[in-house]
Amino acid sequence: MTRSEDRLTAAFVAVALVALFGGALTGVFQALEHSGLNVYPSTPLVKSYYHSLTLHGVLNVLVWTTFFICGFVPFLVTRALGRPLALPGLAWLTFWVMLGGLVLAAIPLLGNAATVMFTFYPPLKAHWAFYVGLTLVVVGTWLVTLNLALTWRAWRRQHPAERTPLAAFMGLVTFAMWTIASLGIAAEMLVMLIPWSLGLIGGTDPLLARVLFWFTGHPIVYFWLLPAYMSWYALVPRQAGGKLFSDPLARTSFILFLVLSTPLGFHHQYTDPGIHVGWKLVHAFLTFAVFFPSLLTFFNVVASLESGARARGGRGWVAWFARLPWGDPSLAAQVLAMLLFTFGGIGGLINASYNLNLVVHNTAWIVGHLHLTVGTAVTLTFMGICYWLVPHLAGRALWSRRLALAQVWTWFVGMIVFSNTLHRLGLMGMPRRTMIGAAAYVQPEWKVLLPLVGAGGALLFLSSVLFFLNLVLTLVASRAPAPAVPAFSEALSGADHAPAILDRWRPWIALAFVLIAIAYGPTLVRLALTTPFNTPGLRVW
Ligand code: HAS
Ligand code: CU
């Protein structure tokens, strides 16, 4: 790996970390608001609860994730293939396109001219620069896909008979899946939101926009999750002192994500009118289907961890778990992320159930769910990755392992308090995305729990401060050289056991398109043919 590639990764990760910092800061403001402390009158940059919430959502779930992934995945793919990116110039151009897009979107966002939440549902209407900027970020991710595909093709020419190395295979699947999935948001931006915000068309349509948004909005969660899975499969088993249980099973899981991630966005729209109930049910069943590759992952990763713990002297049915190398903050972060993700996954099943969804939709329950998934499974895993990646990129050892361990456990405990409380408040009917301190309908039983939202949020903020402190001190105060990057795991059952069909792209991508056409085709065609764009925009903030 050349230094230039490391610099590219460093550039993406640096932007990601700045975004995460902004997201963490606005996050604690919101948690404090729920527990009765309205900080907004004294935060000149953040105008209101809703301004804060939009910044928090966009910075954390859109910017932190996307930029980290665009730095981390090519880093792993090029190492796994043992060759540099096919087009290094394009890779840098990609970075600048994405950064330019981000800055363009950030101007109205910071200026309170795009307070539309990270879902930017119309008829809420943001400044055009917000939509154009985000679109440029998406275009950048397509360029990453292109570069990865060309790199793989060059590798394939030299290794015609070999199986694609696991980490490279997973990186390619992740970006292939995302590129298909992002067509929905691209259509929403280009056909609806951008011309509308520029005044080229007079109105919009909330339902069609939401359908296009969730076409991308559900699979985007797997775009965030799969890079974490890459680490859990390709690196964590060795970090735990063991071997990956099954490489073919890991590949199968990723292919299932490629095929199944997209055609199920209606599980975010069960309560939307204008979509036939039968299609909603189809999407519900497909959601249960995409649950399966995560179950495969659960089985495979636990078995791999167990192999590591047993190699370290672990015994018993469950007691081996304690024998994992818990002193390694990178490993500890990721195993704790997995533990909480188990509950996030179970909650996902409840959300996906057609009738149970009616109890939890638009309540604080969903906020609890998304903090266990993107806020922990993904974010805590990425933090764990940062504990070896940032030292490698900086050429200096992590400043303090003990501080890192304290950080990781603080996140774990803070998140248990925070997300458990939100789940419970959601079941009591407390709405999400609402400035609770200003609501006239706060119930006495919510009041008992609301301080815990603030306490959990404060712990999470403390944890992020410890995280950033450690990274900054690594950059400025650490003197020891960086240890080696974790090597890829060996597998108990290796790539040779995987059926060759798993290494082919066309059948799976074709199958993905067929399923999408079935699940979305009729509804999209009907809406496109019958929807007048006549809803005026609103600015409610
Ligand atoms: Fe979700 C809403 C359903 C996964 C993120 N989800 C959201 C929103 C976000 C989000 C951000 O069906 C809110 C969007 C908004 O603003 O409106 N979700 C699911 C289902 C899954 C799922 C079925 N979600 C995720 C992931 C996310 C994410 C992953 C981010 C990264 N979600 C929904 C639904 C809604 C929803 C509805 C709409 C609700 C509504 O009404 O608005 C599944 O993919 C989950 C599968 C996960 C598992 C867990 C496997 C566990 C593993 C760990 C292994 C553990 C180990 C530790 C090794 C099956 C792999 C050892 C452990 C031992 C116990 C020994
Ligand atoms: Cu979803």
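Predicted, not measured: the structure shown is a model, and the values here were computed from it.

Draft legend 1. Looking closely at the overall build of the protein chain. Of regular secondary structure, the protein chain possesses 17 helices and two strands. Its C-alpha atoms give the protein chain a radius of gyration of 23 Å, within 12% of the compact-globule value 24 Å for 541 residues. For the C-alpha atoms alone, the extent of the protein chain along its principal axes is close to 60 × 50 × 45 Å. Split into buried and exposed, the 541 residues of the protein chain put 60% on the buried side. Look at the contacts in the protein chain between residues 6 or more apart in sequence, and 84% of them connect residues 24 or more apart. Of the side chains in the protein chain, 31 bear a positive and 14 a negative charge, and the two mean positions are spaced by 4 Å.

Draft legend 2. Region of the structure containing the coordination of the copper ion (ligand 2). Taken together, the protein ligands of the copper ion (ligand 2) are His218 (ND1), His267 (NE2) and His268 (NE2), with distances of 1.9 to 2.1 Å. Within one chain, the residues serving as donors to the copper ion (ligand 2) are arranged as H-x48-H-H. The distance between the copper ion (ligand 2) and the iron atom of ligand 1 comes to 4.6 Å.

Draft legend 3. The arrangement of the environment of alanine 500 in detail. Structurally, alanine 500 is set in the loop between strand S2 (491-493) and helix H17 (506-530). Since its relative accessible area comes to 46%, alanine 500 is described here as partly exposed. Taking C-alpha positions, alanine 500 is 10.0 Å from alanine 161, a pair spaced 339 residues apart along the chain.

Draft legend 4. Layout of the pattern of salt bridges. As enumerated under the stated definition, the model contains six salt bridges in all. With its nearest N and O atoms 3.5 Å apart, the salt bridge here joins glutamate 490 to lysine 243. Linking glutamate 490 in the loop between helix H16 (444-476) and S2 with lysine 243 in the loop between helix H9 (236-239) and strand S1 (244-246), this pair joins segments that are 247 residues apart in sequence. Note that arginine 251 is salt-bridged to aspartate 247, the shortest N-O span being 2.6 Å. Taken together, the residues arginine 251 and aspartate 247, both in helix H10 (residues 247-260) and four residues apart, mark about one turn of the helix.

Draft legend 5. Spotlight on the environment of asparagine 362. Within the secondary structure, asparagine 362 sits in the loop between helix H13 (357-360) and helix H14 (364-394). A C-alpha to C-alpha distance of 8.7 Å links asparagine 362 and methionine 430, two positions 68 residues apart in sequence. Residues contacting asparagine 362, with those up to four places away along its chain left out, are Pro431 and Arg432.

Draft legend 6. Focus on the site of ligand 1. Neighbouring ligand 1 are 36 residues, the closest being Tyr222, Asn357, His361, His369 and Arg432. Measuring from an oxygen atom of ligand 1, one finds a side-chain N or O atom of tyrosine 222 at 2.7 Å. Interatomic distance of 2.5 Å between a side-chain N/O atom of histidine 361 and an oxygen atom of ligand 1. Those elements that provide at least two residues to the shell around ligand 1 are helix H8 (219-234), helix H11 (277-311), helix H12 (329-352) and H14. Looking at the shell around ligand 1, its residues break down into 22 nonpolar, 13 polar and one charged.

Draft legend 7. Focus on the side chain of aspartate 503. Residue position: aspartate 503 is located in the loop between S2 and H17. At 2.9 Å, the side chain of aspartate 503 forms a polar contact with the side chain of arginine 156. If we skip the residues at most four places from it in the chain, aspartate 503 touches Arg156, Glu162, Arg163, Thr164, Phe169 and Arg251.

Draft legend 8. Up close: a nonpolar patch on the surface. A contiguous nonpolar surface patch, about 320 Å² in accessible area, is contributed by Trp128, Leu198 and Leu200. With respect to the element layout, leucine 200 can be found in the loop between helix H6 (183-197) and helix H7 (206-217).

Draft legend 9. Representation of the coordination of the iron atom of ligand 1 within the structure. Just one protein ligand coordinates the iron atom of ligand 1, and it is His369 (NE2) at 2.2 Å. Along the chain, histidine 369 falls in helix H14.

Draft legend 10. Spotlight on the environment of valine 144. Mapping valine 144 onto the fold places it in helix H4 (residues 128-158). Along the chain, valine 144 and phenylalanine 95 lie 49 residues apart, while their C-alpha atoms are 9.1 Å from each other. When residues no more than four places from it in sequence are discounted, the contact partners of valine 144 are Cys70, Pro74, Thr94 and Phe175.

Draft legend 11. Examining the side chain of threonine 9 more closely. With respect to the secondary-structure elements, threonine 9 resides in helix H1 (residues 3-34). Leaving out residues up to four positions away in the same chain, threonine 9 has contacts with Gly71, Phe75, Leu389 and Leu393.

Rules used throughout
- For every chain, the first residue of the written sequence is number 1, and numbering continues from 1 along that sequence.
- Chains carry letters from A onward and ligands carry numbers from 1 onward, assigned in written order.
- Only residues with pLDDT of 70 or above have their local features reported here, since the model is predicted, and side-chain atom pairs are shown and tallied only from 80 upward, although totals for entire chains, interfaces and linings are computed over all residues.
- Derived side-chain values reflect all non-hydrogen atoms in the structure, with water molecules and hydrogen atoms excluded from consideration.
- Only DSSP runs of H or I with at least four residues qualify as helices, and only runs of E with at least two residues qualify as strands; both kinds are numbered from the N terminus onward.
- What the globule rule says is 2.2 Å times the number of residues to the power 0.38, and the radius of gyration is computed from C-alpha atoms.
- Relative accessibility decides the category of a residue: with a 1.4 Å probe and only protein chains considered, values under 20% of the type maximum give buried, values over 50% give exposed, and everything between is partly exposed.
- Note on definitions: a residue-residue contact is assigned when non-hydrogen atoms from the two residues lie within 4.5 Å.
- Charge assignment in this entry is limited to Lys and Arg as positive and Asp and Glu as negative, and neither His nor the chain termini are counted.
- Charged side chains are reduced to one point each, which is NZ for Lys, CZ for Arg, CG for Asp and CD for Glu.
- The rule for donors is simple: an N, O or S atom within 2.8 Å of the metal counts, and for Na, K and Ca the reach is 3.2 Å. Water is not among the atoms, so a site may look short of donors.
- Salt bridge, as applied in this entry: a Lys or Arg side-chain nitrogen positioned within 4 Å of an Asp or Glu carboxyl oxygen.
- Residues are classed as near a molecule or strand on a simple rule: at least one heavy atom within 4 Å of it.
- N or O atoms closer than or at 3.5 Å make up a polar contact, with two conditions inside protein: a donor-capable atom paired with an acceptor-capable one, and, for residues adjacent in sequence, both atoms drawn from side chains.
- For this classification, the nonpolar set comprises Ala, Val, Leu, Ile, Met, Phe, Trp, Tyr, Cys and Pro, the charged set comprises Asp, Glu, Lys and Arg, and every other residue, Gly included, is treated as polar.
- Think of a patch as exposed residues, more than 30% relative accessible area, with no salt bridge, where like charges cluster within 9 Å and nonpolar side chains (Val, Leu, Ile, Met, Phe, Trp, Tyr) cluster within 5 Å.
- Note that accessible areas follow from Shrake-Rupley with a 1.4 Å probe, and for residues the cover is restricted to the protein chains shown.

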